[in-house]
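Understanding the architecture of this molecule
Chain by chain, the residues run as shown.
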Amino acid sequence: MFRIPIWGIALFAFPVFAQTTATLLGDVLDPAGSAIPGAVVKLSNALTGYNNQVTTGDDGHFQFVNVPFQTYTLRVEKAGFDVKQQTISLRTNVPFKLDATLTIAGQGTAIDVTASEIRATIDTEATGTRTELDAASFAHLPSQASGRGIESVLLSFPGFAANANGAIHPRGAHNQMTYVIDGMPISDQLTGAFANSVDPTIVQNIELFTGDVPAEYGNKVSGVANITTRTGMGSGRKAMGSTQFYAAGFDTYSQVTQAQGGTAKFGYFASVNMLKSNRFLDSVSLDNLQNGGNSERAFTRFDYQASSRDTLRLNLMAGRSSFQLANLRSQHANLQEQRQGLRDFAASVGWVRTIDAKSTLDATASYRTAIAQLNPSAGDTPVTASQARHLSTVTLSVRYNRMAGRHNLRMGADSQRVPISEHFSFGITDPGFNAPDSEEYLPGLRPHDLSRGGRLFQFAGKLTGGLDTGFVQDRIRLGRLQVSLGLRYDNYRFVAKGTQLQPRLGLAFHVKETGTVFRASYNRNYQTPPNENLLLSSSQQAGLLAPDAVREAFGGGAVIMRPERQDFFETGVQQTITKNIGFSGSFYHKRSRDLQDNDNFLNTGIIFPITLAQSRVNGVEGRFNFLPVAGFSGSMSFTHYRAIVTPPFTGGLFLGSSAVDSLSAGPFIIDHDQTLGVHGMLNYAWKRTWWASLSMRYDSGLVSNPSDPVEVVRDPDYADLLPYVNLGSDPTRVRPRTVGDLSVGHDHYRGDKKVWDLSFQLMNIANTTALYNFQSIFVGTRVIQPRTAGVKLRLFW
């Protein structure tokens, strides 16, 4: 039988290995209480794909570390004994001690292997929309190499609309995502054009919150991706690794080299990723003109058990990319050769201390800095621009965790400082861009029209902002009812200043007889403005350049962008359909004041934050999970939402955007809006050597700019894109698209050791031509990637 001893017996000696993961440990014993060496202990969750196993030593002891918070099936096997298994919930970093006493074969009752997994198709403790995937579940996911990162994995989750260059819209928001990497929060916009993305090959597990977000998370909470990275602790070897080579169309080449290992008290993991491609970002035209780039990313993690109570962790992460800004035909003919460079570095130190049998204390100190630089060229048209932006974030966090009966308590405080510096200049080079006789003429741009004797617009600014927070949250189990209570306080001091108290409440009720979970939640959220180019967007200089409709809305000057205040309501249901099929669905309503968004500076990689006075979003989404049956598994997600915003605009830098006047007249459907998005995954595994993965995605189309079709036909830069946008609809939208991607591979083993694997990848199988967006004042114009074939070889050592 499984035996949970009195907590106080020995927990003082049990280490904890990370702030946001669990530790499970115990002993395997025979009926007489003696240790059983060589027993195989397996921990798994069929829904997330997590699967790990260890073998007990001579003392019968086992230990699992770096385990994501979730409910698991623990299975113990040893020849001569009956198989035993149990479902356990691991939702805290307070160590969980569990002893397993096995019965002699034939003298006890063997347990049905599937009995505890019938309800594994749903998460009975989730009080809001929460999706989790283990690395094994997305390792075979077909995805573009180029500048894409973890966003390609998140797109398989419900609630997201796809945009260009890996950008994603979570539940009608622009990109208000926070990535928490082993306790280090990153709220920068991590897409290929704006920053170096998180490398998915370093990820062990992704836990995504889009509803009833726990009170410990703030800043950007339209979606929170809690990422657990890989570790060498518990690997059983001092050194092992792999090297992967990838080649695909558009002269795309990449390599990834990784190494890991560990001992009883030390573990390490390291990864280096290099990429080169002639289609680094999504193109602005069908011709893919001037679109080459390269990037390098590196990550290391070290874990060290300093004492029986203390564990330390060090993460180091760095990235660099240099790429051309894709040209329109007119720009290419004029020999425009703009180029952008991105650099970043991050370091975080984590400490976890076991206080007593029921509580822990953990702390994280992190530093992240990101630099973006745009270099102009002699042939720039219609505008030349340059940028040098430096954004850093210093964060100190402390957490106290306690398990007490029905309560799972977590409280803490964060202090964040954000020094930023901005240098930006631009000038008009095309005399037809802001011609005085044009109906779209903006007088504020006249001093910076280089074609008419003007001078460059110049801006430089520095400022350090801060965000101090405190929170308390408790998860309470009352029989079939799960209650989540949270309260968060934010004190924001930057260009704008403000405070907000944020209650967060969630309920989940489990109807065991039908395998159903009903849930409901309310969250008060406080989302701070994007830090990228925040100073310029909030400046008097930018206000003077704005169109008349925007300037008149705030009295002709600049209005400081305030944090977004949001009320979020969600209801949902989870249902076990069969023992292998589960469903999770939700309906939500968001209403916001001072909605956060960005406008893109023409088709460059420069973004400027803006706010709109109000917004409301209604959405419905769902996900079917299909657990493995006869080698087949998969999922299907669907998303619908309507996003309506009300001007006036605040911030931004709008040049030659004729749509701004009409959009400033009253409420409109923003470009985040999409009627329907469907994403399906079908996986097949034959034995353990051959596999295939098919991804199909349908998007009904995002809202585009309400351009005049007659003018588009006359414009050689955009005329051939007219069939792929519906300018006659209300609102105008890019046309629907269905894109399929396929990956097929073979894993080669020598005994139990994988020696190499080989896979073939085909992106956009049908060679569909389609747009992400068209002449949008928020994101510009981007074309999806055409059919591209690639091959990947990985060698293990």
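Residues numbered from 1 in each chain as written. Predicted model: local features only at pLDDT ≥ 70, side-chain atom pairs only at ≥ 80, totals over all residues. Heavy atoms only, no water.

So, the overall build of the protein chain
The number of helices and strands found in the protein chain is 8 helices and 43 strands. Computed over C-alpha atoms, the radius of gyration of the protein chain comes to 27 Å, within 12% of the 28 Å expected from 2.2 N^0.38 for 797 residues, which places it in the range of a compact globule. Buried positions account for 59% of the 797 residues belonging to the protein chain. Counting contacts in the protein chain only where the partners sit at least 6 residues apart, residues at least 24 apart contribute 69% of the total. Surface exposure of the protein chain reaches about 29200 Å², of which carbon and sulfur atoms provide 59%. Once the 73 positive and 66 negative side-chain charges of the protein chain are each reduced to a mean point, those two points are 6 Å apart. (Helix = DSSP H or I, 4+ residues; strand = E, 2+ residues; numbered from the N terminus. Rg over C-alpha atoms; globule rule 2.2 N^0.38 Å. Buried < 20%, exposed > 50% of the residue type's maximum accessible area, 1.4 Å probe, protein only. Contact = heavy atoms within 4.5 Å. Areas by Shrake-Rupley, 256 points an atom, 1.4 Å probe, with all protein chains shown as cover. Lys, Arg positive; Asp, Glu negative; His and termini not counted. Charge placed at Lys NZ, Arg CZ, Asp CG, Glu CD.)

Observations concerning the environment of I355
Looking at the secondary structure, you find I355 in strand β22 (residues 339-356). Separated by 47 residues in the primary sequence, I355 and R402 place their C-alpha atoms 9.6 Å from one another.

So, the sheet that holds strand β10 (residues 130-134)
One key point about sheets: their strands pair by backbone hydrogen bonds, in either a parallel or an antiparallel sense. What the 5 strands build is an open sheet, ordered β10-β15-β16-β13-β14; its pairing is mixed. Since the sheet does not close on itself, it has two edges, and those belong to β10 and β14 (184-186), each with one partner. For this sheet, the mean inter-axis angle between neighbouring strands, taken without regard to orientation, is 20°. Of the pairings in the sheet, the one linking strand β15 (residues 203-209) to strand β16 (residues 223-229) comprises 6 bridges and is antiparallel in character. (Pairing = 2+ DSSP bridges. Axes fitted to C-alpha atoms, helices over the stretch in contact; angles between N-to-C directions.)

Quick look at the pattern of salt bridges
For the coordinates displayed, the defined rule picks out 41 salt bridges. Among the salt bridges present, the one from K97 reaches D99, with a minimum N-O distance of 2.3 Å. The burial state of K97 is the same as that of D99; both residues are buried. Of the charged contacts in the structure, one is a salt bridge between E570 and R171, with a shortest N-O distance of 2.8 Å. With a gap of 399 residues between them, E570 in strand β30 (residues 564-578) and R171 in the loop between β12 (168-170) and β13 (177-181) connect regions that are remote in the sequence. Accessibility assignment for this pair places E570 and R171 in one class, buried. Connected through salt bridges with shared partners, the residues R91, D123, E125, R130, E132, E207 and R477 form a single ionic network. (Salt bridge = Lys/Arg side-chain N within 4 Å of Asp/Glu carboxyl O.)

With respect to the confidence of the model for the protein chain
A low pLDDT means the predicted coordinates there should not be read in detail. Per-chain confidence: the protein chain averages 88 in pLDDT, with 91% of residues scoring 70 or above. In the predicted structure, residues 1-17 sits below a pLDDT of 50 and forms 62 contacts with residues beyond four places in sequence or in another chain. Note on residues 110-119: pLDDT is under 50 here. Beyond four places in sequence and across chains, it has 22 contacts. (pLDDT = per-residue confidence, 0-100.)

Overview of the pairing of strand β6 (residues 70-77)
Of all 8 residues in β6, 6 are buried, a share of seventy percent or more. As defined by bridge partners, strand β3 (residues 40-45) adjoins β6 across 5 bridges and the pair is classed as antiparallel. Among the inter-strand pairings, S44 is bridged to a residue of β6, identified as T73. Taking the residues that link successive antiparallel strands as the turn, the β6-strand β7 (residues 84-90) hairpin has 6 residues, and the phi of G80 there is positive, at about 95°.

With respect to a negative patch on the surface
A contiguous patch of negative charge on the surface is contributed by E439, E440, D708 and E711. Relative to the helices and strands, E439 is located in the loop between β25 (407-428) and β26 (457-478). (Patch = residues over 30% accessible without salt bridge, like charges linked within 9 Å, V, L, I, M, F, W, Y side chains within 5 Å.)

Here's the deal with the nonpolar core
Ranked by internal contacts, the top residues of the largest apolar core, which has 36 residues, are F138, L154, Y179 and I206. Within the residue set of this core, elements represented by two or more residues are α1 (135-138), α2 (151-154), β11 (160-162), β13, β14, β15 and β16. Sequence-distant contacts of F138, that is, excluding residues within four places in its chain, are made with L133, V153, P200, V203 and I206. Core analysis: the next-biggest nonpolar cluster, separate from the first, contains 34 residues, L342, I420, F457 and Y526 among them. (Core = buried A, V, L, I, M, F, W, Y, C linked by side-chain atoms within 4.5 Å.)

Some details on unusual backbone geometry
Cis geometry marks the peptide bond from T381 to P382, where omega comes out at 0°. Structurally, P382 is set in the loop between β23 (359-375) and β24 (383-404). The residue after D730, namely P731, is reached through a cis peptide bond having omega 0°. Phi is positive for Q290, which is not a glycine, with a value near 50°.

So, the sheet that holds β6
What the 4 strands build is an open sheet, ordered β4-β3-β6-β7; its pairing is antiparallel. At either end of the open sheet lies a strand with only one pairing partner, and these are β4 (50-55) and β7. In this sheet, adjacent strand axes meet at a mean angle of 20° when their direction is disregarded.

Quick look at the side chain of R399
Locating R399 in the fold gives a position in strand β24. Residue R399 is classed as buried on the basis of its relative accessible area of 8%. Not counting residues up to four positions away in its chain, the partners in contact with R399 are E216, T360, L361, D362, R410, M411, G412, A413, D414 and F471.

A few points about the packing of aromatic side chains
Tallied over the entire structure, the rule returns 17 aromatic pairs. Judged by centre distance (4.7 Å) and plane angle (45°), the rings of F583 and F624 are tilted. Taken together, the residues span a long stretch of sequence, with F583 in strand β31 (residues 581-600) and F624 in strand β32 (residues 607-629) at a distance of 41 residues. On the accessibility criterion, F583 (18% relative accessible area) is buried. Under the relative-accessibility criterion, F624 is labelled partly exposed at 28%. Relative to F626, the ring of F624 lies with its centre 6.5 Å away and its plane at 20°, an arrangement referred to as stacked. For F626, a relative accessible area of 34% puts it in the partly exposed group. Across the ring face of F250, the terminal group of R279 is positioned such that the distance to the ring centre comes to 5.3 Å. In this structure, R688 packs its charged tip against the face of Y749, placed 3.9 Å from the ring centre. (Phe/Tyr/Trp six-rings, centres within 6.5 Å; stacked < 30°, edge-to-face > 60°. Lys NZ or Arg CZ within 6 Å of the ring centre and 35° of its normal.)

Let's talk about a nonpolar patch on the surface
Taken together, the side chains of F266, F302, Y304, L312, L316, F345, Y367 and V394 define a hydrophobic patch exposed on the protein surface, amounting to about 630 Å² of accessible area. Counting residues per element, the ones that place at least two in the nonpolar patch are β20 (293-305) and β21 (310-324).

Considering the environment of S308
For S308, the position within the fold is in the loop between β20 and β21. For S308, a relative accessible area of 38% gives the class partly exposed. In the structure, S308 is positioned 43 residues away from K265 in sequence and 9.9 Å away in space, judged by C-alpha atoms.

Side note on the side chain of R733
Among the structural elements, R733 can be located in strand β38 (residues 733-734). Judged by its relative accessible area of 11%, R733 falls in the buried class. Among the polar contacts made by the side chain of R733, one reaches the main-chain carbonyl oxygen of G701 at a distance of 3.0 Å. Filtering out sequence-adjacent residues up to four positions away, R733 remains in contact with R642, D673, Q674, T675, G701, L702, V703, S704, V725 and N726. (Polar contact = N/O pair within 3.5 Å; in protein donor to acceptor, adjacent residues only side chain to side chain.)

A look at the pairing of strand β36 (residues 690-699)
Of the two faces of β36, the one lined by W691, S693, S695, R697 and D699 is fully buried and the one lined by W690, A692, L694, M696 and Y698 carries no buried residue. Where strand β35 (residues 674-686) meets β36, 10 bridges bridge the pair, whose relative direction is antiparallel. Paired with W686 across the two strands is W690, which belongs to β36. Between β35 and β36, which follow one another and run antiparallel, lie 3 residues, and K687 among them has a positive phi close to 55°.

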